[in-house]
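Each chain is listed here by its residues.
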Amino acid sequence: MRYPFSEIESKWQKYWEENKIYKTNLSKTDNKLYALVMFIYPSGAKLHCGHWYNYGPTDSWARYKKLKGFNVFEPMGYDAFGLPAENYAIKTGIHPFDSTMTNINDIRQQLKKMGCMYDWNSELMTCVPHYYRWNQWLFLQLYKKGLAYRKNAPVNWCPKDQTVLANEQVQSDGTCERCGTVVIQKNLTQWFFKITDYAEELLEGLNKINWPEKTKTMQRNWIGKSTGTEVKFKVENSEEIITVFTTRPDTLFGVTYVVIAPEHPLVDKLTAKEYKEKVAAYRDSIKSLTEIERTSTVKEKTGVPIGAFAINPVNGERVPIWIADYALLTYGTGCVMAVPAHDERDFEFATKFNLPIRKVIIENGTKADERLESAFTEAGEMINSGSFNGLNSDDGIEKISDYLEQKNLGKRKTNYRLRDWLISRQRYWGTPIPIIHCPKCGEVPVDEKDLPVELPYDVEFNPSGESPLASNKNFMNVKCPKCGSDAKRDPDTMDTFVDSSWYYFRYLDPNYYDTIFDTSLAEKWTPVDMYVGGAEHATMHLLYARFIHKFLRDIHYANSDEPFTNLIHQGTITNQGAKMSKSKGNVVNPDEFTVEFGSDVFRLYLMFMGPYELGGDWSDKGIAGTDRFVQRTCELFSRFPKILEAVQLKSKFEISLLNSEEKSVYRKINQTIKKFDEEINNFRFNTAIAALMELLNELNKNIEKCSKEIQAYTLERYGVLLAPVAPHLAEECLQIIGRGESIFKNAEWFEPDAEALIEDVVNIAVQINGKLRTTIQLPMNSEQNEVKNAVFSDEKVIKNLDGKQVVKEIFVKNKIYNIVVR
RNA sequence: GCCGAAGUGGCGGAAUUGGUAGACGCGCUGGACUCAAAAUCCAGUCUGGCUCACACCAGGUGCCGGUUCGAGUCCGGCCUUCGGUACCA
């Protein structure tokens, strides 16, 4: 008989729900374990294999921990705001709220069919006022501390659609995803969160969390800490000062020109009359080309001189000032001292424009007057550097910095690549920004007691050149809270990464009304112990959440420094080499498989495919293997109905009293417990399941020849091992053999019998000159002399040693005996 | 360009601190059951050589070299694939 998965899965899902098996008692906090998977974006595409791959195995890990005795909290919710719902509305006319709600209802049903142990009491969605009002509250707290501010920033603008585009809506050739028009940059006044204030702590904190090294490296690079020195250059015939940032003050004597970012305000002040025209033309040229050229291949550097000259503070030399697009306004001071001899970019630029290249550091073994073929960027001996000549350049960095600081010509400075977080979105489907713009008072924050600023239902989504909310007069027109005069709301909404940067607190009580979340629960349950989600969030969500967590700590809402103690990235499941996406039409629908094989089989298959962190290309070849495993398991248990009731259950057997099949089975079940435990604990699901398969093979071979006591002992343990990875099947199997209640109601985990883990005999590999010649079977822990006797009396060894001289013998207990001959 | 990860049978993939390469599964081949097929069960399955067969021999973890009694694992140099990043001074 085939395992009737459909009946059995719904039977147990119903049982779990009715008996509230997965409702976590949050007041019990000893042994708490917060297991979290990144919440789901409820798009119309429903659950795909990638979701399953993320949620199924993570749930198995959480179940394993529950059986191990942890009080596990595993919630699920919906990251419900966002651009795709709005784009869908533009295309179909269906309101984002309506489509999102429909999707959530569908997805909830799909999620429930997976059979995860989510605590549905904690379900949340971000698009409802009682969630997003706390985004607004959070905004106001940041605002109060000066960490939310407004400034001009460029956005991607499609001139045809008259709309702002997110970066991912701009194609690689710089055109609009929808209409193919070339996207331009437009400046708008927008809101920022000052994440840069936390740059150093965000960097330092990485040392304290157990995250994948590569993710931490990505965050480190993203934060991009760089220590150097700011140096002041006077400008000839001007009162202005150009301050440059350099990590190589040791090369200061090699400066042959200075570069300023084209958009830098100093440019207007310094440009000589006869250069104004050329400078203006250059600035125009890069404005229109930036986005296309940035994304194209390696761009050749461009620039023009502005007809002004800077004075090198250490040698008084007069060097030309240029503007060039390789100087970025947004990094450092926006000004660069150019040392072509020792910087690749400057070298390239100087070569192109025929600017002088002066060596001030020589590479060991080269001569001072040798021509440079490329920039020499490493350390060496300083030359042409006045009193600093002869120093090693590493010392020179310190000495020149000291000199500059003493003479008040510069000072040491640390810079970060990290930029502030732009949170304004000129979109409808998001959290309204709780700010009122008053013609008299300027920007006025909405009073906390007036939150939430509700997102109105009626707006015009079709792109009109401004934020959709601006079309709703009832929403936009308000009285200024300060002076009472006519004022307008901010028409923008927040980046949805704001929603996801604190949702793990809210899960603990999603209906909490008094504050952003229940802080007393948060103190006990955060940080999240295990967080599982895609690596694509490395420098966005995972950085923003760390920032907001630290901010909440600073305003005394959280008592920890980091949100996620442990982090695991599941790999990506691709299809025909490409990421699954609706637009590529390569999405694999999991229902295909769950309908045919059941959710346990599908979950098992996803786990068995390969290492969890690697993912892989989708293939359904092999799902038959996990299906067979489930069938054979069910069949095995069916042969032993109520066996647990028929015998006196023992927790340990004396191995020496067992017959050989019993010994073999007893050893195997205990070895499997040990192996499975280690593997699943470390998210190595593929090998955990392989161990169960080995066990099943052993049982099918030998269990019939065992006593009823051994059979009961083994099957009960096997059933419990199955429970994390195939929960419905395990519940059913345990019920068949007569275990009373749900294993997840009365959590239990068996420890292996240490004595059963030890074999009495081992195979020892016999090598001659490192080549395997034979293996011999000997008692466990045989000493070298015993092994030696056996080895040298072995026929094959004798044959192979014939006429040769033994030089050396290497013995590794229970493993190897290697004879070195000449 | 830079940073990171990975290259093992026909396929997905296993291999503690260097110590019997290919666990487990798919697929394939042969057999049993069946009127037949499916399903199921049993056996075989890294490659080459030799053998009726058992056995035996040689080679083998992307490529080249090194360390070692012994390397998939460590070191140096390449090649390929996949992620991340884009002039950060």
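These figures come from a predicted structure and were not determined experimentally. (Residues numbered from 1 in each chain as written. Chains lettered and ligands numbered in written order. Predicted model: local features only at pLDDT ≥ 70, side-chain atom pairs only at ≥ 80, totals over all residues. Heavy atoms only, no water.)

Draft legend 1. Representation of the packing of helix H19 (residues 623–638) against helix H22 (residues 685–702). Their axes nearest at 11 Å, the elements H19 and H22 cross at an angle of 45°. Classed by the angle they form, the pair H19 and H22 counts as oblique. When you trace H19 past H22, the crossing you get is left-handed. Contact residues: Gly625, Thr626, Phe629, Arg632, Thr633 and Leu636 in H19; Leu692, Met693, Leu696, Asn697, Leu699 and Asn700 in H22. Here the residues of the contact of H19 with H22 sort into six nonpolar, five polar and one charged. (Axes fitted to C-alpha atoms, helices over the stretch in contact; angles between N-to-C directions. Helix = DSSP H or I, 4+ residues; strand = E, 2+ residues; numbered from the N terminus. Parallel < 35°, antiparallel > 145°, perpendicular 65-115°, else oblique. Left-handed = near helix turned anticlockwise from the far one by under 90°. Contact = heavy atoms within 4.5 Å. Nonpolar A, V, L, I, M, F, W, Y, C, P; charged D, E, K, R; others polar.)

Draft legend 2. Representation of the packing of aromatic side chains in the model. Taken as a whole, this structure holds 58 aromatic pairs when the rule is applied. When the ring of Phe193 is compared with that of Trp421, the centres are 5.4 Å apart and the planes differ by 90°; the resulting orientation is edge-to-face. Residue Phe193 is located in strand S7 (residues 184–193), and its partner Trp421 is located in strand S17 (residues 421–422); the two are separated by 228 residues in the primary sequence. The same class applies to Phe193 as to Trp421, namely buried. Ring centres of Trp421 and Phe547 lie 6.3 Å apart, and the angle between their planes is 70°; on these two criteria the pair is classed as edge-to-face. Residue Trp421 is found in strand S17, and its partner Phe547 is found in helix H16 (residues 541–554); the two are separated by 126 residues along the sequence. According to the relative accessible area criterion, Trp421 is buried, its value standing at 2%. (Phe/Tyr/Trp six-rings, centres within 6.5 Å; stacked < 30°, edge-to-face > 60°. Buried < 20%, exposed > 50% of the residue type's maximum accessible area, 1.4 Å probe, protein only.)

Draft legend 3. Structural view of the pairing of strand S24 (residues 528–532). Among the five residues in S24, four count as buried, and that is most of the element. With three bridges joining them, strand S1 (residues 32–37) and S24 adopt parallel strand pairing. By the bridge assignment, Ala35 is partnered in S24 with Met530. The pairing of S24 with strand S25 (residues 564–568) spans four bridges and is classified as parallel. Looking at the pairing, Val528 lines up with Phe564 of S25. Assessed by its sense of winding, the connection that carries the chain from S24 through H16 to S25 is right-handed. (Pairing = 2+ DSSP bridges. Right-handed = clockwise from strand over helix to strand, strands pointing away.)

Draft legend 4. Quick peek at the protein's contact with RNA strand B. Near RNA strand B you find 50 residues, and of these Lys301, Tyr331, Arg345, Arg628 and Asn818 are the closest. Within 4 Å of the protein, the contacting atoms of RNA strand B are 64% sugar and phosphate, with bases supplying the remainder. At 3.4 Å, a backbone N or O of Gly622 approaches a sugar or linking oxygen of RNA strand B. Of all the elements in the fold, those that place two or more residues in the surface near RNA strand B are helix H7 (213–223), strand S9 (241–246), H19, H22, strand S29 (761–768), strand S30 (771–779), strand S31 (806–812) and strand S32 (816–821). In terms of residue count, the dominant contributor to the surface near RNA strand B is H22 (six residues). A breakdown of the residues in the surface near RNA strand B according to their chemical character gives 19 nonpolar, 15 polar and 16 charged. (Near = heavy atom within 4 Å. Polar contact = N/O pair within 3.5 Å; in protein donor to acceptor, adjacent residues only side chain to side chain.)

Draft legend 5. How the structure looks around the side chain of Ser742. Along the chain, the position of Ser742 falls in the loop between helix H24 (727–736) and S29. Exposure remark for Ser742: the relative accessible area of 1% places this residue in the buried category. One polar contact links the side chain of Ser742 to the main-chain amide nitrogen of Phe744, over a distance of 3.0 Å. Once residues lying within four places of it in the same chain are set aside, the contact partners of Ser742 are Trp12, Tyr15, Trp16 and Glu731.

Draft legend 6. Structural view of the pattern of salt bridges. Evaluated as defined, the whole model comprises 51 salt bridges. Across the pair Lys652 and Asp753 runs a salt bridge, and its minimum N-O distance is 3.4 Å. Residue Lys652 is found in the loop between helix H20 (643–646) and helix H21 (660–681), and its partner Asp753 is found in the loop between H24 and S29; the two are separated by 101 residues along the sequence. Here Lys652 falls in the partly exposed class, since its relative accessible area comes to 38%. You can call Asp753 buried: its relative accessible area is 8%. Sharing partners across several salt bridges, the network here consists of Glu201, Lys208, Arg546, Lys550, Arg553, Asp554, Asp561 and Glu562. (Salt bridge = Lys/Arg side-chain N within 4 Å of Asp/Glu carboxyl O.)

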